[in-house]
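Structural overview for review
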Amino acid sequence: PSGGGNLLTIAGTLCRCIWPGGRARSSSCAHAATKAAAWRTWTDAAGPAAAADFSKVGVCLLQRCQLELAGCLADPTCAGSLLCLQTCQGKPDEADCQVKCGDQFNDAAVQRFNSCAVTNGKCVPKREDGDSVYPVPAPRDLVRDFPVDRFVGDWWITAGQNDLFDTFDCQRHTFTNPGPGKTAGNIRWRVQDQAQQKLGRKGAFLENEVLQEFVQRKDKPYLLENHDNEFLHYTDDWYVVDYQIDGDAATDFVLVYYRGSNDAWDGYGGAVVYTRDPVLPSKYVPEIREAVSKVGLDWDKFTLTD
């Protein structure tokens with residue numbers, strides 16, 4: 001916080017003036033609003049918001065998200081996310097820091113708060129990258145077809161391009177084929193628990209899991225779309241750049257370039273290599289290197305995951 005404000009003092013004031021039932025006591029909330037005008041804000045785990053007029057954001061939160069904010073402050077995980085995000089202020093990698101805070105702190109209270117702050121209350125302006133960072137690839141650089149009915153079972157992300165989203169440990173995704181032209185993925189990944197590691201507990205992880213469903217475009221069979229999501233109205237488009245699926249765990253791979261949008265960030269993206277084996281077969285690296293170059297990426301900037 002800036003302007004002499006203290007987050008814990010503000011939190012206590014807000015809990016007293018808002019909780020329960022959203023009824024505010026004018027004198028306490030006037031004090032809280034003055035303090036809140038100096039806050040900076042945050043985004044959801046999917047991505048950072050653009051730089052904002054933080055005084056307006058703070059006032060907006062008090063006006064439109066009182067119950068969600070009070071619930072966040074009463075929830076240890078959500079309150080921890082606010083404290084984490086305060087540490088990002090002024091860092092050269094501030095946006096990346098915000099995303100990593102989302103990795104460390106995520107529960108129902110965080111999601112309710114983000115939904116209000118970003119989507120319903122519209123207190124946080126959207127970051128607009130558009131096509132500037134991850135443009136839509138040209139069809140000539142993608143596969144002509146993709147057999148979603150064979151993209152089933154356990155697959156591992158063994159290499160990733162974007163350190164914010166693609167290079168976590170133990171990314172085992174289990175795909176099914178629920179119908180023609182459809183694929184559903186039980187997405188699992190783990191994040192190093194920084195709080196536990198600071199206490200000397202090495203090897204501590206936060207386990208994450210989410211179900212995502214994709215529909216293959218009939219007119220663009222290289223494209224798998226995950227649309228119509230309620231949370232932050234996010235959309236993810238997966239473009240299949242290259243693949244080999246013969247049913248052999250030692251040779252099967254799928255190279256996916258993706259880009260997406262949500263209420264906080266338009267134009268995030270990355271690329272991953274799926275293999276059935278937990279270790280990327282080295283003999284396919286030259287082919288994958290050439291394939292990623294066609295969509296404007298550098299294989300040397302990919303990370304082999306653990």
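One can find the structure itself at the top, above this paragraph.
Attention in this report is confined to the structure presented alongside it.

This part covers the environment of L255. Mapped onto the elements, L255 comes out in strand β8 (residues 253-261). Not counting chain neighbours up to four residues away, the residues in contact with L255 comprise Y239, V240, V241, D242, V272, V273, I288, A291 and V292.

This next bit is on helix α5 (residues 76-86). By the criterion of burial, α5 is predominantly enclosed, with eight of the eleven residues buried. Every buried residue of α5 is listed here: C78, A79, G80, S81, L82, C84, L85 and Q86. Two or three places before T77, at the opening of α5, D75 has a side-chain oxygen 3.1 Å from that residue's backbone nitrogen.

Here we come to the packing of helix α4 (residues 66-74) against α5. Direction vectors running N to C along α4 and α5 enclose 95 degrees, while the axes themselves pass 5 Å from each other. Between α4 and α5, the angle is such that the two are roughly perpendicular. On α5, the residues that touch C72, L73 and A74 of α4 are P76, C78, A79 and L82. Among the residues forming the contact of α4 with α5, the class breakdown is seven nonpolar, no polar and no charged.

Moving on, we come to the pattern of salt bridges. The full count for this structure, using the stated rule, is eight salt bridges. For R217, the salt bridge goes to D219, with nearest N and O atoms at 2.8 Å. Since its relative accessible area comes to 53%, D219 is described here as exposed. Its salt-bridge partner being R217, residue E225 comes within 3.0 Å of it at the nearest N-O pair. Taking the relative accessible area as the measure of exposure, E225 reaches 17% and is therefore buried.

A separate point is the pairing of strand β2 (residues 153-160). Along any regular strand the residues' side chains alternate between the sheet's two faces. In this sheet, strand β3 (residues 172-176) lies alongside β2 in antiparallel orientation, the contact comprising four bridges. Looking at the pairing, W155 lines up with H173 of β3. Across four bridges, the pairing between β2 and strand β9 (residues 265-275) is antiparallel. Counted as the bridge partner of W156 is T275 from β9. Pairing geometry for β2 and strand β10 (residues 303-304), over two bridges, is antiparallel. Its bridge partner lying in β10, A159 is registered against L304.

The rules behind these values
- Throughout, residues of each chain are indexed from 1 in the direction in which the sequence is written.
- Local features in a predicted model are, by the rule used here, given only for residues with pLDDT of at least 70; side-chain atom pairs are given and counted only at 80 or more, and totals for whole chains, interfaces and linings are based on all residues.
- Each side-chain value is worked out from all heavy atoms of the structure, with water and hydrogens disregarded.
- Comment: elements are numbered from the N terminus, with helices defined as DSSP H or I runs of at least four residues and strands as E runs of at least two.
- Two residues qualify as a contact provided that any one of their heavy atoms is within 4.5 Å of a heavy atom in the partner residue.
- Partly exposed residues are those whose accessible area sits between 20% and 50% of the maximum for their type, while under 20% is buried and over 50% is exposed, using a 1.4 Å probe and protein chains only.
- Here a polar contact is taken to be a pair of N or O atoms separated by no more than 3.5 Å, where protein atoms must pair a possible hydrogen donor with a possible acceptor and residues adjacent in sequence count only if both atoms sit in side chains.
- Interaxial angle, 0 to 180 degrees, is taken between N-to-C directions of lines fitted to C-alpha atoms, where a helix line uses only the stretch in contact.
- Between 65 and 115 degrees an angle is taken as roughly perpendicular, under 35 as roughly parallel, over 145 as roughly antiparallel, and anywhere else as oblique.
- Polar here means any residue other than Ala, Val, Leu, Ile, Met, Phe, Trp, Tyr, Cys and Pro, which are nonpolar, and Asp, Glu, Lys and Arg, which are charged; Gly is therefore polar.
- For this analysis, a salt bridge means a side-chain nitrogen from Lys or Arg found within 4 Å of a carboxyl oxygen belonging to Asp or Glu.
- Only strands joined by at least two bridges in the DSSP assignment are considered to pair.

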